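Structural features, examined
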Amino acid sequence: MSEKLTITIDGLACECEKGEYLWDVAKRNGITIPALCRSDAFADHRACCRICIVEV
Amino acid sequence: MINGTDRILVCCGTGCIANGALKVAEAIEAKIKTRGLADDVAVDVNVVRTGCSGECEQGPIVRLMPRDVMYYKVKPADAPAIVDSLSGEAVKKLLFKKDGQTYERMEDNPFYALQHKVVLKDVGIIDPLNLDEYIARGGYEGLKRALTMTPDEIITEVEKSGLRGKGGAGFPTGRKWRTAAGYDVFPKYIVCNGDEGDPGAFMDGSTMEGSPHAVIEGMIIGALAIGAEEGVLYTRDEYALARDHIQHAIDDAYAAGILGESILGSGHKLDLSIVRGGGAFVCGESTALMASIEGRVGEPRAKYIRSVQRGLFDHPTVLNNVESLASIPTILREGGEAYAKIGTEKSKGTKVFAMVGKVKHTGLVEVPMGTTLRTLIYDIGGGIIDDRPFKAIQTGCPSGVCIPESLLDLPVDFDTLVKYGAMMGSGGMIVMDDRSCMVEVARYYVDFLCEESCGKCTPCREGLRQMRAILTDICEGRGKHGDIELLERIGHTMQDASLCALGRTAANPVLTTIKFFRDEYEAHIERRECLAGVCAKLTQFAIDADACTGCGMSSRACPAGAISCGRREAHVIDPAKCIACGSCREACRFNAVLTERREA
């Protein structure tokens, strides 16, 4: 988790580390993607509610 | 045949048992006893209760071997005549008749003549509870050969056969086995998916009932190939007979040293057990099935890591469908190349179909891949009941597709139908005539799937609910402009975004009925008219006084008492009492019941 990357979401350049969840990066940069299951309380239920699916 | 004795095979598949096959078998046994035939040294007769022989609609079926006479629709009272016919003329009235011709031998009956049985080769021939009968027909020969081979050689043989997963997905079985064999994580598991929950499908159930050892032998060979020492048969809880037969076969196999610490003395170990399904349709999905075996709620997970790598209890797991596993013994016994000669270029072997609905001969059929739907429906199935016009065939229900007449001449295999926006599916086939409303059919399947969706992911849970609401509105005359496009958008979102195959395929019945029968949707929405005369809120019934003979059939069939019943005069429907159920139309033999658009 050390490699730094820059990704572009909705035209906004976002700094992030390799291996991070896109959802977390978006949130940190003020972009809200709706989701139900993004919680640290769920160890392995990430990306299962499928609300966060976006078109790229 | 077996032991050189005469055998009377009584089909005791689920359908025939429901029609009284067990009583028929008892009556024949009693008759043989009273006539002393069983003690006669010259004529030794065995009555064998077999698995499903296929032509369920004509059951109970009794077959005399080795002479090969097949009797249909047998009643216990026919037992004396059947026993007499062992050494004399066949009983004419019980033979199969078509177009004025009678057929004595099974192979002459057009229903069977075009079939090619690999998976079902012993089903309907052997007593499923008798291990010796399975062995006498080449059973466990494939396993013996597999024991002389290395895992790699077994997998190569399966790869050569071109076998693809017959649950409908069509993933190459050999490749799945090779991937699982490549992981050095133990223990590994082999799982048989017998959770056949589709309405109208009974391929896997009949296979497990009629030839349980074939499934077990397939699992043992698979276990040898991937290095598994434990296997699980996940069977649908409603299949009580199949479960009993499988359990009986497992017990026999343990007693014979085929399962257990040392398979046939080879030193390889395998334990098999049955896990009863919890009754949820979604448990037929691989990861939900494994969760269910582990004792957790049967819900799928995201498959970023495939279950061949981390499946049951997070260990490498091979999950195959019943039909795929039951094909394995033949592939090992006769070689992969021999198997690959059957079928088409990319879809090898055979496929079992459960053909039901408005077809004359419903039942269990196995044909080479690449057989056309027209052959299945018209040559094997005998055409549509009452020779009514064909409208659609629903394959791979309930998340399958509705195929129109224009695609009937395409070969049925894994790939061809997909190019035309349809698919082969798991093997359930429901034939529909012109009295089926395609919007109502789509609504029915969406309703079923809505109940069965596990609710974990949003596209499937919410998408199905909204589609059901829209389709119900259309069927009840509240359809709006734009509904068709909205259904398509919801459907495509579900295909793209759902977590598991249930959600990804759930929109199929809606999308394909829109694709092939758009005019029916438009008629419902724009003119409030159900072209098939099914949707009750849009249809009213009337009787054609000229065609009506006053026979009273429709009057007796009416559950609402809405049809007047004057003797020998045309009936009249009282619109105030009529609930538009359509029972009178089904009952009338003179096509005198008419449907018309109901004014709002």
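Data block above holds the structure.
Figured I'd write up the structure that's included with this text.

What counts as what
Residues numbered from 1 in each chain as written. Chains lettered and ligands numbered in written order. Predicted model: local features only at pLDDT ≥ 70, side-chain atom pairs only at ≥ 80, totals over all residues. Heavy atoms only, no water. Helix = DSSP H or I, 4+ residues; strand = E, 2+ residues; numbered from the N terminus. Rg over C-alpha atoms; globule rule 2.2 N^0.38 Å. Buried < 20%, exposed > 50% of the residue type's maximum accessible area, 1.4 Å probe, protein only. Contact = heavy atoms within 4.5 Å. Areas by Shrake-Rupley, 256 points an atom, 1.4 Å probe, with all protein chains shown as cover. Lys, Arg positive; Asp, Glu negative; His and termini not counted. Charge placed at Lys NZ, Arg CZ, Asp CG, Glu CD. Pairing = 2+ DSSP bridges. Axes fitted to C-alpha atoms, helices over the stretch in contact; angles between N-to-C directions. Buried area = accessible area lost by both parts, 1.4 Å probe. Salt bridge = Lys/Arg side-chain N within 4 Å of Asp/Glu carboxyl O. Polar contact = N/O pair within 3.5 Å; in protein donor to acceptor, adjacent residues only side chain to side chain. Nonpolar A, V, L, I, M, F, W, Y, C, P; charged D, E, K, R; others polar. Core = buried A, V, L, I, M, F, W, Y, C linked by side-chain atoms within 4.5 Å. Arc of directions from axis to C-beta. Phe/Tyr/Trp six-rings, centres within 6.5 Å; stacked < 30°, edge-to-face > 60°.

1. Describing the overall build of chain B
The helix and strand tally for chain B stands at 24 helices and 17 strands. The C-alpha atoms of chain B give 26 Å as radius of gyration, which agrees with the globular expectation for 600 residues (25 Å, within 12%). Principal-axis analysis of the C-alpha atoms places the extent of chain B at approximately 75 × 65 × 40 Å. Of all 600 residues assigned to chain B, the portion counted as buried reaches 57%. In chain B, the share of contacts with a sequence separation of at least 24, taken over all contacts with a separation of at least 6, comes to 69%. About 23,900 Å² of surface is accessible on chain B, with carbon and sulfur atoms providing 50% of the total. One finds the centroid of the 70 positive side-chain charges in chain B at a distance of 3 Å from the centroid of its 82 negative side-chain charges.

2. Here's the deal with the overall build of chain A
Helices and strands together make up the secondary structure of chain A, namely 1 helix and 2 strands. Traced from its N-terminal end to its C-terminal end, chain A shows the element sequence β-β-α. Scored against the burial criterion, the 56 residues of chain A give a buried share of 20%. Relative to all contacts within chain A whose residues are 6 or more apart in sequence, the contacts with residues 24 or more apart total 3%.

3. Quick word on the sheet that holds strand E2 (residues 45-50) of chain B
Residues and elements named next belong to chain B. Across the sheet, which stays open at both edges, the 4 strands sit in the order E2-E1-E3-E4 with mixed pairing between neighbours. Bordering the open sheet on either side are E2 and strand E4 (69-71), each of which pairs with just one other strand. Across the sheet, the axes of successive neighbouring strands diverge by a mean angle of 20°, strand direction being ignored. Pairing between strand E3 (residues 62-65) and E4: 3 bridges, direction antiparallel. Bridging from a neighbouring strand, Val-62 pairs with Tyr-71 of E4.

4. Here we look at the pairing of strand E1 (residues 4-9) of chain A
When a strand is regular, its side chains alternate between the sheet's two faces. Residues and elements named next belong to chain A. Bridge analysis of E1 against strand E2 (residues 12-17) gives 6 bridges, and the strand direction is antiparallel. Following the sheet pairing, Leu-5 is matched in E2 by Cys-16. Two successive antiparallel strands, E1 and E2, enclose a turn made up of 2 residues, where Asp-10 displays a positive phi of approximately 50°.

5. Examining the interface of chain B and chain A
At the interface, 10 residues of chain B touch 7 residues of chain A. Around 650 Å² of area is buried between chain B and chain A when both sides are counted, 57% of it from carbon and sulfur atoms. Among the residues of chain B in contact with chain A, Lys-456, Thr-458 and Ala-497 of chain B are the three that bury the most area, contributing 50% of the side total. Here chain B and chain A share 0 salt bridges between them. Run the count over chain B and chain A and you get 1 residue pair in polar contact (both at pLDDT 80 or more). Split into classes, the residues belonging to the side of chain B that touches chain A amount to 6 nonpolar, 2 polar and 2 charged.

6. Points about the pattern of salt bridges
All names here are of chain B. Following the criterion strictly, the structure yields 46 salt bridges over all chains and no others. A salt bridge links Glu-323 to Lys-351, with the nearest nitrogen and oxygen atoms 2.7 Å apart. With a gap of 28 residues between them, Glu-323 in helix H13 (residues 322-334) and Lys-351 in strand E11 (residues 350-357) connect regions that are remote in the sequence. Under the relative-accessibility criterion, Glu-323 is labelled buried at 0%. Among the ionic pairs, Arg-374 bridges to Glu-405, the shortest N-O distance being 3.6 Å. With Arg-374 in helix H15 (residues 373-380) and Glu-405 in the loop between strand E14 (401-404) and helix H16 (416-419), this pair connects stretches of sequence that are 31 residues apart.

7. Some details on the side chain of Ser-206 of chain B
All names here are of chain B. Along the polypeptide, Ser-206 turns up in helix H9 (residues 203-210). According to the relative accessible area criterion, Ser-206 is buried, its value standing at 6%. Apart from residues lying up to four places away in sequence, Ser-206 is in contact with Cys-52, Val-123 and Leu-364.

8. What to know about the nonpolar core
Residue and element names in this part refer to chain B. One finds Tyr-140, Ile-154, Trp-177, Ile-220, Leu-233 and Leu-332 to be the most contacted residues of the largest nonpolar core, which totals 61 residues. Among the elements that line this core, the one with the most residues is helix H10 (residues 212-226), at 10 residues. Aside from chain neighbours lying at most four places away, what touches Leu-233 is Cys-192, Val-215, Met-219, Ile-246, Ile-250, Leu-272, Ser-273, Ile-274 and Val-275. Counting residues in each nonpolar core, the second largest holds 58 residues, with Cys-16, Ala-25, Val-47 and Phe-390 among its members.

9. Side note on helix H7 (residues 151-161) of chain B
The periodicity of an α-helix, 3.6 residues per turn, causes residues three or four places apart in sequence to face the same way. All names here are of chain B. Of all the positions in H7, only Ile-154, Ile-155, Glu-157, Val-158 and Ser-161 are classed as buried. Buried residues in H7, looked at end-on, bunch into an arc of 155°, giving them a common side. The inward-facing, buried residues of H7 contact helix H6 (141-147), helix H8 (173-181), H10, H13 and helix H14 (336-340). The first or second residue beyond H7 is Gly-162, which carries a positive phi of 75°.

10. A short note on the packing of aromatic side chains
Residue and element names in this part refer to chain B. What the rule picks out here adds up to 7 aromatic pairs over all chains. An angle of 85° between the planes, with centres 5.0 Å apart, marks the rings of Phe-111 and Tyr-112 as edge-to-face. The class of Phe-111 is buried, set by a relative accessible area of 1%. With centroids separated by 5.9 Å and ring planes inclined at 55°, the aromatic side chains of Tyr-189 and Phe-313 adopt a geometry described as tilted. With Tyr-189 in strand E7 (residues 189-194) and Phe-313 in the loop between helix H12 (286-293) and strand E10 (317-321), this residue pair connects regions lying 124 residues apart in the sequence.

11. Some points on the sheet that holds strand E9 (residues 271-276) of chain B
All names here are of chain B. Ordered by their spatial adjacency, 4 strands build an open sheet running E9-E8-E7-E10, and the pairing between neighbours is parallel. Only two strands of the sheet have a single neighbouring strand rather than two, namely E9 and E10. Here the average twist between neighbouring strands, direction ignored, is 20°. In the sheet, E7 pairs with strand E8 (residues 230-235) via 6 bridges, with the strands oriented parallel. Paired with Gly-194 across the bridge in E8 is Thr-235.

12. Section: the environment of Lys-31 of chain B
For Lys-31 of chain B, the location among the structural elements is in helix H2 (residues 21-35). The sequence separation of Lys-31 of chain B and Phe-171 of chain B amounts to 140 residues, and the corresponding C-alpha distance is 51 Å.

13. Some remarks on the side chain of Ser-286 of chain B
Residue and element names in this part refer to chain B. For Ser-286, the position within the fold is in helix H12. A residue is classified by how much of its surface remains accessible, and Ser-286, at 17% relative accessible area, is buried. Among all residues touching Ser-286, those that are not within four sequence positions of it are Lys-303 and Leu-319.

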